[in-house]
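# Structure assessment
One letter stands for each residue in the lines below.
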Amino acid sequence: MHRRRRTALLLTAAIAAAAPLLTACGNDAHPGAAAVVGGERITVSQLEDRVDEVRAAQRAAVPDEAQYQQAIARTGSLTRDTLHGMVLDRVLERAARDEGVSVTPREVQEMRAGLEQQAGGAEALEAAWLQQYGIPPQRLDDNLRLQLQAQKLAQRLGTDTSRPEFWKALSEAGKELDVDVNPRYGSWDAEKSSRVDAKTPWVRDVTSAGIQRTL
């Protein structure tokens, strides 16, 4: 790729669209739900399946037991981070749809090809995304599509993903969806638009140099 691009969205655990403080959804109204977004449940089973995907990818990438345990220790908040990412996926989808933003499969493949060139190949890119962002190989294209959605949404708004205008759009989408997360997975700070226990920024810049540092 011949130019630096704002590419990586870590859809895990930090800044999110402003929404009401979350209430329990593990009650009679939403039994078995880890979260409810736009009236649709993200079940505990679905969440666990996504976490299992990451753990399986980590195991495949690090067959040594000691190193695998270290990887688990470094991602101790994986379940909460994964749920946060699943919710943010839907918030971003709504914000993009509200602004008439869409992404084509060809655009995803073009982005992936550029990143693979920077990283030194497909396997190197997959390893970097797994290590840095907790994205297993089978979810990489989905993650890149969301990144493109965020970029195109920011462009449609005449801004970029670091500016308040972008986050306001996500905030409004989150309110429309009436996000409701089971408090066992954390809480939501509406004023700060973030998970109160989160430490990792959601939006990151990944440049050519940034890719190299992940390998």
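Let me begin by describing the structure that accompanies this report. Owing to the predicted nature of the structure, the values given are computational and were not obtained by experimental measurement.

## So, the nonpolar core
Residues Leu83, Val87 and Leu170 are the most contacted members of the largest nonpolar core, which totals 29 residues. Counting residues per element, the ones that place at least two in this core are β1 (33-37), α1 (44-61), α3 (78-98), α6 (140-156) and α7 (164-177). Core analysis: the next-biggest nonpolar cluster, separate from the first, contains 13 residues, Val108, Ala119, Leu125 and Leu140 among them.

## A look at the sheet that holds strand β3 (residues 180-181)
In spatial order, the strands read β2-β1-β3; together these three strands make up an open sheet with antiparallel pairing. Two strands lie at the open edges of the sheet, namely β2 (40-43) and β3, each paired on one side alone. In terms of strand pairing, β1 meets β2 through four bridges, oriented antiparallel. The partner of Ala35 across the bridge, within β2, is Ile42. Here α1 sits on the sheet in contact with β1 and β2, set at roughly 50° to β2.

## Remarks on the packing of aromatic side chains
Scanning the model with the defined rule gives two aromatic pairs in all. Aromatic pair Trp129 and Tyr133: ring centres 4.9 Å apart, planes at 80°, arrangement edge-to-face. Taken together, the residues Trp129 and Tyr133, both in helix α5 (residues 122-133) and four residues apart, mark about one turn of the helix. You can call Trp129 buried: its relative accessible area is 1%. With a centroid separation of 5.2 Å and 80° between ring planes, the pair formed by Phe166 and Trp167 is classed as edge-to-face. Across this residue pair, the class does not change: Phe166 and Trp167 are buried. Sitting above the plane of the Tyr68 ring, Arg59 keeps its charged end 3.9 Å from the centroid.

## Comments concerning unusual backbone geometry
In the Ramachandran plot, Asp178 falls in the positive-phi region, its phi being about 50° despite a non-glycine side chain. For Asp178, the position within the fold is in the loop between α7 and β3.

## What to know about the packing of α1 against helix α2 (residues 65-74)
Viewed as axis vectors pointing N to C, α1 and α2 meet at an angle of 145°, and their least axial separation amounts to 9 Å. Read as a crossing pair, α1 and α2 show a hand that is right-handed. Facing α1, whose interface residues are Arg55, Gln58 and Arg59, α2 presents Glu65, Tyr68, Ala71 and Ile72. Along the lines of polarity and charge, the residues of the contact of α1 with α2 split into three nonpolar, one polar and three charged.

## Quick notes on the layout of surface pockets
Sizing a probe to match a water molecule and rolling it over the atoms shows the empty space that remains. Looking at the second largest pocket, its volume works out to about 410 Å³. In this structure, the second largest pocket is lined by 23 residues; those nearest its centre are Arg50, Gly85, Met86, Asp89 and Leu146. The set of elements that each furnish at least two residues to the lining of the second largest pocket consists of α1, α3 and α6. Residues that form the lining of the second largest pocket fall into these classes: nine nonpolar, five polar and nine charged.

## Remarks on α7
Given a rise of 1.5 Å per residue, 14 residues ought to cover 20 Å, and the 20 Å separating the end C-alpha atoms of α7 matches this to within 8%. Of all the residues in α7, the buried ones are Phe166, Trp167, Ala169, Leu170, Ser171, Ala173, Gly174 and Leu177. As for α7, its buried residues are in contact with β1, α3 and α6. Of the residues trailing α7, Asp178 is marked for its positive phi of about 50°.

## A word on the environment of Tyr133
On the basis of relative accessibility, which here comes to 6%, the residue Tyr133 falls in the buried class. Along the sequence, Tyr133 and Asn143 sit ten residues apart, while their C-alpha atoms lie 10.0 Å from each other.

## Quick word on the pattern of salt bridges
What the rule picks out here adds up to twelve salt bridges. With a shortest N-O distance of 2.7 Å, Glu93 and Arg145 are connected by a salt bridge. Placement of the pair is Glu93 in helix α3 and Arg145 in helix α6, with a sequence separation of 52 residues. Of the residues examined, Glu93 reaches a relative accessible area of 26% and is grouped as partly exposed. Residue classification places Arg145 among the partly exposed positions, given a relative accessible area of 26%. Ionic pairing is found between Arg139 and Asp142, a salt bridge with its closest N-O pair at 3.9 Å. On the basis of relative accessibility, which here comes to 24%, the residue Arg139 falls in the partly exposed class. Taking relative accessible area as the criterion, Asp142 reaches 34% and is therefore assigned partly exposed. A cluster of three or more residues bridged by salt bridges with shared partners is formed by Arg112, Glu116, Glu126 and Asp141.

The rules behind these values
In every chain, residue numbers begin from 1 and rise along the written sequence. A pLDDT threshold of at least 70 governs which residues receive local features in this predicted model, and a stricter bar of 80 or more applies before side-chain atom pairs are shown or counted, although totals over entire chains, interfaces and linings include all residues. Heavy atoms throughout the structure, all of them, feed into the side-chain values; hydrogens and water do not. Residues grouped as a nonpolar core are buried Ala, Val, Leu, Ile, Met, Phe, Trp, Tyr and Cys residues, joined through side-chain atoms within 4.5 Å. Exposure categories follow from relative accessible area, calculated using a 1.4 Å probe and restricted to protein chains: below 20% of the type maximum is buried, above 50% is exposed, and the middle band is partly exposed. Going along the chain from the N terminus, every DSSP run of H or I of four or more residues is numbered as a helix, and every run of E of two or more is numbered as a strand. By this definition, two strands are paired if DSSP reports at least two bridges between them. Contacts: residue pairs with any heavy atoms within 4.5 Å of one another. The axes are straight lines fitted to the C-alpha atoms, using for helices just the contacting stretch, and the angles between their N-to-C directions are given from 0 to 180°. Whether two aromatic rings pair depends on their centres lying within 6.5 Å, for rings of Phe, Tyr and Trp, where Trp uses its six-membered ring; planes under 30 degrees apart make the pair stacked, over 60 edge-to-face, and the rest tilted. Comment: the charge-over-ring label is applied if NZ (Lys) or CZ (Arg) is within 6 Å of the ring centre and within 35 degrees of the ring normal. Helix crossings are classified by the rotation of the near helix relative to the far one: an anticlockwise turn of less than a right angle makes the crossing left-handed, while a clockwise turn makes it right-handed. Residues are grouped as follows: Ala, Val, Leu, Ile, Met, Phe, Trp, Tyr, Cys and Pro are nonpolar; Asp, Glu, Lys and Arg are charged; every other residue, Gly included, is polar. With a 1 Å grid spanning the protein atoms alone, the term cavity applies to any set of points in which a 1.4 Å probe fits but cannot get out, the term pocket to an open set with protein on both sides within 12 Å along at least five of seven lines, and the term lining residue to any residue with an atom within 4 Å of a point. Grid points are joined across faces, edges and corners, and a volume is the space filled by probe spheres set on the points. One less than the residue count of a helix, multiplied by 1.5 Å, gives the span that helix is expected to have. A side-chain nitrogen of Lys or Arg and a carboxyl oxygen of Asp or Glu constitute a salt bridge if their distance falls within 4 Å.

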